[in-house]
Amino acid sequence: NAGVTQTPKFRILKIGQSMTLQCTQDMNHNYMYWYRQDPGMGLKLIYYSVGAGITDKGEVPNGYNVSRSTTEDFPLRLELAAPSQTSVYFCASSYSAQTMNTEAFFGQGTRLTVV
Amino acid sequence: AQSVSQHNHHVILSEAASLELGCNYSYGGTVNLFWYVQYPGQHLQLLLKYFSGDPLVKGIKGFEAEFIKSKFSFNLRKPSVQWSDTAEYFCAVNEPNTGGFKTIFGAGTRLFVKA
């Protein structure tokens, strides 16, 4: 039972570098999400996707990009890393919002530090 | 915009003490409500959820929550906490009837249970 798998678990980036956080789920969920978690701030939604080929901005999308070419994968791209992007990133997935089972299943998280 | 407020950022209890964590949300329409738990070093896991029906919801590990619509509240309770309940607890809400699908999280409450 893999669920939601994120890689890498830890990463240190220099300012201006780019990287992609990988996320894959094997539950055939339509909806996928990227959150960032900052101390005392809870989780903020960066981007979400309601299905392959469809993505939309969340609360804090600036500095990030996403794509959803398949149902399983939802990578998050940081093009020019900034210290403000130091955070813990969580990928999540859920069934369609049109069903009652809308709870999210989370990956293990990626701790990113930008120096 | 929808928001979720958790009243206590840090709670310290002794084992066997009773727990109540407050959660209020701002949206007046139909909502789905959740409590997630994040144990140290782990990802978020669903504790319990409310969609409809009985406003008193029972979850895993002896936790329960009561939905009080008139107060826009969904407080989490446990009669007797254990050391293993030390974790961060997040209240969350989503709106099943919106065109998009966004789960909004509270800032979290860190619970420390003294053995």
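Structure's up top.
One structure accompanies this document, and this report is about it.

Quick look at the pairing of strand 9 (residues 87-94) of chain A now. All names here are of chain A. Summarising burial for strand 9: eight of the eight residues are buried, a large majority. Every second residue of strand 9 is oriented toward a common face, with Ser87, Tyr89, Cys91 and Ser93 on one face and Val88, Phe90, Ala92 and Ser94 on the other, all of them buried. Two strands pair when backbone bridges link them, and strand 4 (residues 31-38) and strand 9 are joined in this way by seven bridges, in the antiparallel orientation. In the strand pairing of strand 9, Gln37 is matched with Val88. One ladder, built from three bridges, connects strand 9 with strand 11 (residues 110-114); its direction is antiparallel. When the bridges of strand 11 are listed, Val88 appears paired with Arg111.

At the interface, 21 residues of chain B touch 23 residues of chain A. Summed over both partners, the interface of chain B with chain A buries about 1,900 Å², with 56% contributed by carbon and sulfur atoms. At the boundary of chain B and chain A, one finds one salt bridge. Put simply, Glu103 of chain A and Lys49 of chain B hold a salt bridge, and the shortest N to O gap is 2.7 Å. Where the side of chain B that touches chain A is concerned, the elements lending two or more residues are strand 5 (32-38), strand 6 (45-50), strand 10 (87-94) and strand 11 (103-105) of chain B. Among the elements that make up the side of chain B that touches chain A, the one with the highest residue count is strand 5 of chain B (four residues). Partitioned by chemical class, the residues of the side of chain B that touches chain A number eleven nonpolar, seven polar and three charged.

A word on the pattern of salt bridges. Residues and elements named next belong to chain B. What the rule picks out here adds up to eight salt bridges over all chains. Glu64 serves as the salt-bridge partner of Lys58, at 2.8 Å between the closest nitrogen and oxygen. Two residues, Arg77 and Glu64, come together in a salt bridge whose shortest N-O distance is 3.4 Å. On the criterion of sequence distance, the pair formed by Arg77 in strand 9 (residues 73-78) and Glu64 in strand 8 (residues 64-68) is long-range, its members being 13 residues apart. By relative accessible area, Arg77 is classed as partly exposed at 23%. By relative accessible area, which is 16% here, Glu64 ends up buried. Through salt bridges with shared partners, a single network forms among Lys58, Glu64, Glu66 and Arg77.

One key point about sheets: their strands pair by backbone hydrogen bonds, in either a parallel or an antiparallel sense. Residues and elements named next belong to chain A. The strand order across the open sheet built from four strands is 1-3-8-7, with neighbouring strands paired in antiparallel fashion. Where the open sheet ends on each side, the last strands, each with one partner, are strand 1 (4-7) and strand 7 (64-66). Pairs of neighbouring strands in the sheet enclose a mean axial angle of 20°, with direction left out of account.

What follows concerns the packing of aromatic side chains. Residue and element names in this part refer to chain B. Considering all chains together, one arrives at 15 aromatic pairs over all chains under this definition. Geometrically, the ring pair formed by Tyr50 and Phe67 is tilted, given 4.6 Å between the ring centres and 35° between the ring planes. One end of the pair, Tyr50, is in strand 6; the other, Phe67, is in strand 8, and 17 residues separate them in sequence. By the burial criterion, Tyr50 is buried, and Phe67 matches it. A ring pair is formed by Phe63 and Tyr89, whose centres lie 5.6 Å apart and whose planes are at 45°; its orientation type is tilted. Taken together, the residues Phe63 in the loop between strand 7 (56-58) and strand 8 and Tyr89 in strand 10 connect sequence positions 26 residues apart. There is no split in this pair, since Phe63 and Tyr89 are both buried.

Criteria and thresholds
Residues numbered from 1 in each chain as written. Chains lettered and ligands numbered in written order. Predicted model: local features only at pLDDT ≥ 70, side-chain atom pairs only at ≥ 80, totals over all residues. Heavy atoms only, no water. Buried < 20%, exposed > 50% of the residue type's maximum accessible area, 1.4 Å probe, protein only. Helix = DSSP H or I, 4+ residues; strand = E, 2+ residues; numbered from the N terminus. Pairing = 2+ DSSP bridges. Contact = heavy atoms within 4.5 Å. Buried area = accessible area lost by both parts, 1.4 Å probe. Salt bridge = Lys/Arg side-chain N within 4 Å of Asp/Glu carboxyl O. Nonpolar A, V, L, I, M, F, W, Y, C, P; charged D, E, K, R; others polar. Axes fitted to C-alpha atoms, helices over the stretch in contact; angles between N-to-C directions. Phe/Tyr/Trp six-rings, centres within 6.5 Å; stacked < 30°, edge-to-face > 60°.

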